[in-house]
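Residues per chain are reported as follows:
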Amino acid sequence: MRLNIVIFSGAGLSTESGIPTFRDSGGLWEQHRIEDVASPEGWERNKKLVLDFYGMRFLKQLECKPNPAHEAIGKLAAHHSVTNITQNIDTLLERSGSEKVWHLHGRIDMQKCEFHRSLGFTFDSGFDCDFKSRISKPIQLGDLCPKCGGQLRPDIVWFGEPVDMREDLLMDLIKNADIFIGVGTSAQVYPAAGLLPMFRRTKEKYFIDPNPNYELLDGFEVLNGSASEQMPKLVEKILG
Ligand code: APR
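About the cut-offs
Residues numbered from 1 in each chain as written. Predicted model: local features only at pLDDT ≥ 70, side-chain atom pairs only at ≥ 80, totals over all residues. Heavy atoms only, no water. Core = buried A, V, L, I, M, F, W, Y, C linked by side-chain atoms within 4.5 Å. Buried < 20%, exposed > 50% of the residue type's maximum accessible area, 1.4 Å probe, protein only. Helix = DSSP H or I, 4+ residues; strand = E, 2+ residues; numbered from the N terminus. Contact = heavy atoms within 4.5 Å. pLDDT = per-residue confidence, 0-100. Domains from an automatic or database assignment. Buried area = accessible area lost by both parts, 1.4 Å probe. Salt bridge = Lys/Arg side-chain N within 4 Å of Asp/Glu carboxyl O. Polar contact = N/O pair within 3.5 Å; in protein donor to acceptor, adjacent residues only side chain to side chain. Nonpolar A, V, L, I, M, F, W, Y, C, P; charged D, E, K, R; others polar. Pairing = 2+ DSSP bridges. Axes fitted to C-alpha atoms, helices over the stretch in contact; angles between N-to-C directions.

### Considering the nonpolar core
- With 22 residues, the main nonpolar core has Ile5, Ile7, Ile181, Met231 and Ile238 as its most contacted residues.
- At the level of secondary structure, the elements contributing two or more residues to this core comprise strand S1 (4–9), helix H5 (68–79), strand S7 (179–183), strand S8 (204–209) and helix H8 (227–239).
- Among the elements that make up this core, the one with the highest residue count is H8 (five residues).
- The residues contacting Ile238, other than those within four sequence positions of it, are Leu3, Ile5, Leu76, His80, Ile179 and Ile181.

### Considering the confidence of the model for the protein chain
- Residues with a pLDDT of 70 or more make up 95% of the protein chain, whose mean pLDDT is 92.
- Predicted confidence is poor over residues 119–125, with pLDDT under 50, and the contacts of this stretch with residues over four places away or in other chains come to 14 contacts.

### Some details on the domain arrangement of the protein chain
- What the domain assignment reports for the protein chain is domain 1 (1–19 + 66–105 + 163–240) and domain 2 (21–63 + 108–156).
- A straight line from the C-alpha centre of domain 1 to that of domain 2 covers 26 Å.
- Listed as interface residues are 13 residues of domain 1 and, on the opposing side, twelve residues of domain 2.
- Buried surface at the junction of domain 1 and domain 2, both sides included, amounts to about 980 Å², of which 55% is carbon and sulfur.
- Across the domain 1-domain 2 interface, the total number found is zero salt bridges.
- Scanning the region where domain 1 abuts domain 2 turns up three residue pairs in polar contact (both at pLDDT 80 or more).
- Partitioning the side of domain 1 that touches domain 2 into residue classes produces four nonpolar, seven polar and two charged.

### Some remarks on the sheet that holds strand S2 (residues 81–86)
- Reading across the sheet, the six strands line up as S3-S2-S1-S7-S8-S9 and stay open at both edges, with parallel pairing between neighbours. A single partner strand is all that each edge strand has here, and the edge strands are strand S3 (101–103) and strand S9 (221–224). Mean inter-strand twist for the sheet, computed between neighbouring axes without regard to direction, equals 15°.
- Pairing of S1 with S7 involves five bridges; the strand directions are parallel. Residue pairing for S7: Phe8 is matched across the bridge by Gly182.

### Concerning the pattern of salt bridges
- Overall, the coordinates contain 14 salt bridges when judged by the stated rule.
- Between Asp36 and Arg45 there is a salt bridge; the shortest N-O distance is 3.3 Å.
- For Arg45, a relative accessible area of 55% translates into the label exposed.
- One salt bridge in this structure joins Asp155 and Lys132, with 3.2 Å as the shortest N-O distance. Here the residue Asp155 occupies a position in strand S6 (residues 152–156), and Lys132 occupies one in strand S5 (residues 132–134), the gap between them amounting to 23 residues.
- Overall, the relative accessible area of 8% leaves Asp155 in the buried class.

### So, the pairing of S7
- Most of S7 is tucked away, with five of its five residues classed as buried.
- Of the two faces of S7, the one holding Ile179, Ile181 and Val183 and the one holding Phe180 and Gly182 are both buried throughout.
- One ladder, built from five bridges, connects S7 with S8; its direction is parallel. In the sheet register, Gly182 faces S8, and the bridge partner there is Phe207.

As structure tokens, then:
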């Protein structure tokens, strides 16, 4: 039987590929101030600093390879209907065979116009420019939108900006999920934090993390350990 499987991931899924998490010790937020590099106000203050931060992360992820957890998810997707909801901006899931990947926080290999409507929360630019495209090298100060001339910026959702929630898709996933798997997220940031209780009716629920927050995991089978160790085992179990 083809199962509907939802996999909700965070930085812990990619850390064994060499991409650091945010809140563990040595994580990204220990080395950079969120308000400087991941907020609309930081962008207004110093665009070059923000572009350099994401340029570095773009180059870093190109060097990184999918780890056994990404590969196991790709294998599962070859047999069942797997939808990934990820907070990760890297493309390691796509690079290991997953086709349905919903990036809640955007993608590091995409750029958009600084006047894109997702900035509507913080200031009224007077118009919306919907330009977005893939990038093959870091965005530089002076790289301008071909439609309106705005500065191009990473297609990343910053703190204070709205997440692309796609309510219809989410409702559909909640209604039809046979299995829900959470992996490598501290689930502290909304709306992702609200996602775990939304799947409370899904009978089979797993959570993989070496440091799980048990308070959020009522009804889950917790697989305490790293993604690359636990995900392949779980996928083997599901595939029988
Ligand atoms: N395997 C699985 N999980 C791991 C591993 C590993 N090898 N190593 C660490 N983890 C777990 C940690 O225990 C923690 O629960 O990954 C989680 C990482 O949590 P965060 O650093 O908070 O990352 P995440 O939950 O993805 O953060 C969400 O916050 O700052 C924002 O936009 C950023 O998308 C990010 C969001």
